[in-house]
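Chain by chain, the residues:
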Amino acid sequence: MTSATAQLELRVFIEDDAQIFVAFGSDYSPNIWQHGVAFVGSFDYRIRLRFNHVYLVPLNPGDYSMVLDGISYISCDGGSAVSTDISCTFEQDMCGYEQSLLDDFDWTRDRGDTATDHTGPSFDHTSGQGYYTYINTNDIKLKSALNLTLSNAGYYMYIDTSDDEVQEGENAILESHPQRATGEDEVCITWYYHMYGPHVSVFNVYTVLGLRGSLVFTRQGSQGNEWLYAQKTFSSTSSWGVRFEAFRGPGDAGDIALDDVIVTEGACQPLPACDFEIDYCSWIQDPEDNFDWSRGNNGSSIDGTGPDIDHTLGTELGMFAYVSTVREADEVAQLLSAYYSATSSECFTFWYHVYGNGIGKLQVVVYDIISEIEYHHLGAIW
C-alpha cells in the first residue's frame, strides 16, 4: 500500500449476506503485508465470498494500490456467531488469540506465581493451579521458597518489561482473530483480571472493527490481590474481535493478569455493580422525570459538574454520574436499575459526593413491582 492508504477500505462479504471483515487503510503502516482472518461460519447452501475495495475520496491513478495474496481456508466450528477458540482458559495454549504487531512488548503465558514479589497472582482463576496470561514488569525471581514451589509447578504467560527498551507507558496487546457479524443478535464477553501491586498501570478491553477499537472496560492502579470478574454485551453488523491491552507502570511491581475469557451467544445477565467508566451499565434514565443524569469527569464542584476526581480510579480521567444543579426547585432526575430477583437480604452500597449551598436531596428507593410499594432509604469528599 502507498501513502494514500488513509483513503482506502478493504471489505469482505458473504455474497447476499453479512460483511465478515473490514480493514481501514488509515490504521495501517504503508508498504507492510498485513494478516487478515475472517470467520465465515456454516451454511446449508452454496456461498461466494466477495472482496470490496473502496476509496473514500477520488484519487489519481497510481496514487494507491490494494494487493491480495495467500488466500487460504481453515476448518473451524461455524454453527455459531462466535468461534470456539475465542473462549480461552489458557490451559493448553493461547487459543484464538495473537500477540499484536502494533504494541511495544508481549503478553506471556504461565502458571503459579509471577516472577516479582508483591505483585501478580499466585494461581490462575480456572482451577487454582492452571494457566493465565499476564504482563510481568520484572524478570528477577524474588519469591519465597513456598512461592517458588508453586511457580515451578506450571507455566504462565506474561510480558517481561525488565528489558531496558521497555519503558513506563509502553503497552502489550493480546487480540482475537475476527469473528462473524452478530447482526441483530448479541454476544456476552466475560473475563477475569488481576491487578495487584504498587506499580500497576492501566488495563483496557476493546471490541474491535478492523483495527479500530472501542473501549468497553478500563481499570487503573492496584485493585487488590484477587481475581475480579467483568463482562460486556456486544453486537455488530460487521466482523469484530476482542483486544486486551495492558501498560507498564513506573516500576517492577506492576503485573497485570488475564484468565477465563468466555464469549457466549446472547446478552450478559445484568450486573448490579456499575462504576460509570464506560456507560450506565444496566441503569437507565427514567423517561417520566424532569431531567437526566449525566456522565462526566474532571468536574468542578463550584460549577455544579461534579468533583475533580472520581472514586473508582481516583483520577481526573475517571468517570462518574452526576446531576447538574442548574435546574428549577423540586425538579427530579431518576436513574433506574434493572429488575432483580427476589432475595431474603442484600446490601446495596455506593459512593456519593455532595458539595455547595442549596443542595437538594439524594434518595434511594426500592420499588416492589408486585405490591407497587416504594421503600425510601437513604464537605467535598466521596
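Residues numbered from 1 in each chain as written. Predicted model: local features only at pLDDT ≥ 70, side-chain atom pairs only at ≥ 80, totals over all residues. Heavy atoms only, no water.

Any chance you could explain the overall build of the protein here in plain terms?
From N to C terminus, the protein includes 1 helix and 20 strands. Carbon and sulfur atoms make up 50% of the accessible area of the protein, which amounts to about 21,800 Å² in all. (Helix = DSSP H or I, 4+ residues; strand = E, 2+ residues; numbered from the N terminus. Areas by Shrake-Rupley, 256 points an atom, 1.4 Å probe, with all protein chains shown as cover.)

Looking at this model, I keep getting lost on the environment of Thr182. Mind explaining?
The residue Thr182 is located in the loop between β8 (171–176) and β9 (187–195) in this model. Along the sequence, Thr182 and Trp240 sit 58 residues apart, while their C-alpha atoms lie 8.8 Å from each other. Not counting residues up to four positions away in its chain, the partners in contact with Thr182 are Val187, Ser235, Ser236 and Trp240. Polar contacts involving the side chain of Thr182 include one to the main-chain amide nitrogen of Ser236, which spans 2.8 Å. (Contact = heavy atoms within 4.5 Å. Polar contact = N/O pair within 3.5 Å; in protein donor to acceptor, adjacent residues only side chain to side chain.)

Mind showing me how you'd approach the nonpolar core here?
Soluble, globular proteins show a tendency: their nonpolar side chains are buried together. The biggest cluster of nonpolar side chains holds 31 residues, and the ones touching the most others in it are Trp191, Phe203, Trp240, Phe244 and Leu258. Take this core: its biggest share by element is 5 residues, from β9. Residues Phe276, Phe291, Trp293 and Ala333 belong to the second largest nonpolar core, which totals 8 residues. (Core = buried A, V, L, I, M, F, W, Y, C linked by side-chain atoms within 4.5 Å. Buried < 20%, exposed > 50% of the residue type's maximum accessible area, 1.4 Å probe, protein only.)

Quick question: what am I supposed to make of the environment of Glu265 here?
Relative to the helices and strands, Glu265 is located in strand β14 (residues 256–265). Distance from Glu265 to Thr182, taken between C-alpha atoms, is 9.0 Å for residues 83 residues apart in sequence.

Can you walk me through unusual backbone geometry in this structure?
Negative phi values dominate among residues other than glycine, just as trans dominates among peptide bonds. One non-glycine residue with positive phi stands out, namely Phe90, at about 65°. Among the structural elements, Phe90 can be located in the loop between β3 (49–55) and β4 (97–99). Judged by its relative accessible area of 1%, Phe90 is buried. With a phi close to 75°, Asp330 is a non-glycine residue in the positive phi region. Residue placement: Asp330 occurs in the loop between β17 (320–322) and β18 (335–336).

Please clarify how the sheet that holds strand β13 (residues 241–247) should be interpreted in this entry.
Reading across the sheet, the 5 strands line up as β4-β8-β13-β10-β11 and stay open at both edges, with antiparallel pairing between neighbours. Only two strands of the sheet have a single partner each, and these edge strands are β4 and β11 (212–220). Sheet twist, expressed as the mean angle between neighbouring strand axes with direction ignored, is 20°. As paired strands, strand β10 (residues 202–209) and β13 are joined by 6 bridges and run antiparallel to one another. (Pairing = 2+ DSSP bridges. Axes fitted to C-alpha atoms, helices over the stretch in contact; angles between N-to-C directions.)

I keep staring at the confidence of the model for the protein and nothing clicks. Help me out?
In low-pLDDT regions, the fine details of the predicted coordinates are not to be read closely. For the protein, the mean per-residue pLDDT works out to 78, and 75% of the residues sit at or above 70. Per-element averaging of pLDDT across the protein places helix α1 (residues 145–152) at the bottom with 31 and β13 at the top with 94. Low pLDDT, under 50, characterises residues 139–155; the predicted model gives this stretch 33 contacts beyond four residues in sequence or across chains. (pLDDT = per-residue confidence, 0-100.)

It is not clear to me how the state of the cysteines should be interpreted in this structure. Could you clarify?
The term disulfide refers to a covalent linkage connecting the sulfur atoms of a pair of cysteines. In total, this model carries 3 disulfides according to the counting rule given. Each sulfur in the disulfide pair Cys88 and Cys95 lies 2.1 Å from the other. Judged by the sign of its S-S torsion, about 75°, the bond between Cys88 and Cys95 is right-handed. What makes Cys95 partly exposed here is its relative accessible area of 36%. Here Cys188 pairs with Cys268 through a disulfide, and the sulfurs are 2.1 Å apart. Taking the sign of the S-S torsion, 105° for the link of Cys188 and Cys268, the bridge is right-handed. Of this pair, Cys188 sits in strand β9 while Cys268 sits in the loop between β14 and β15 (284–285), placing them 80 residues apart in sequence. (Disulfide = S-S within 2.5 Å.)

What should I look at first to understand a negative patch on the surface in this one?
The grouping of Glu184, Asp185, Glu186 and Glu265 at the surface amounts to a negative patch. Overall, Glu265 belongs to the exposed group, its relative accessible area being 53%. (Patch = residues over 30% accessible without salt bridge, like charges linked within 9 Å, V, L, I, M, F, W, Y side chains within 5 Å. Salt bridge = Lys/Arg side-chain N within 4 Å of Asp/Glu carboxyl O. Lys, Arg positive; Asp, Glu negative; His and termini not counted. Charge placed at Lys NZ, Arg CZ, Asp CG, Glu CD.)

Just to check I follow, could you spell out the packing of aromatic side chains for this structure?
Pairs of aromatic rings are described using the distance from one ring centre to the other and the angle between the two planes. According to the stated counting rule, one finds 15 aromatic pairs in the structure shown. Judged by centre distance (6.4 Å) and plane angle (35°), the rings of Trp283 and Phe348 are tilted. Here Trp283 is found in the loop between β14 and β15, whereas its partner Phe348 is found in the loop between β18 and β19 (364–368), with 65 residues between them in sequence. Assessed through its relative accessible area of 48%, Phe348 is described here as partly exposed. An aromatic cluster is present here, built from Phe90, Tyr97, Trp191, Tyr193, Phe203, Phe217 and Phe244 joined pairwise through their rings. (Phe/Tyr/Trp six-rings, centres within 6.5 Å; stacked < 30°, edge-to-face > 60°.)

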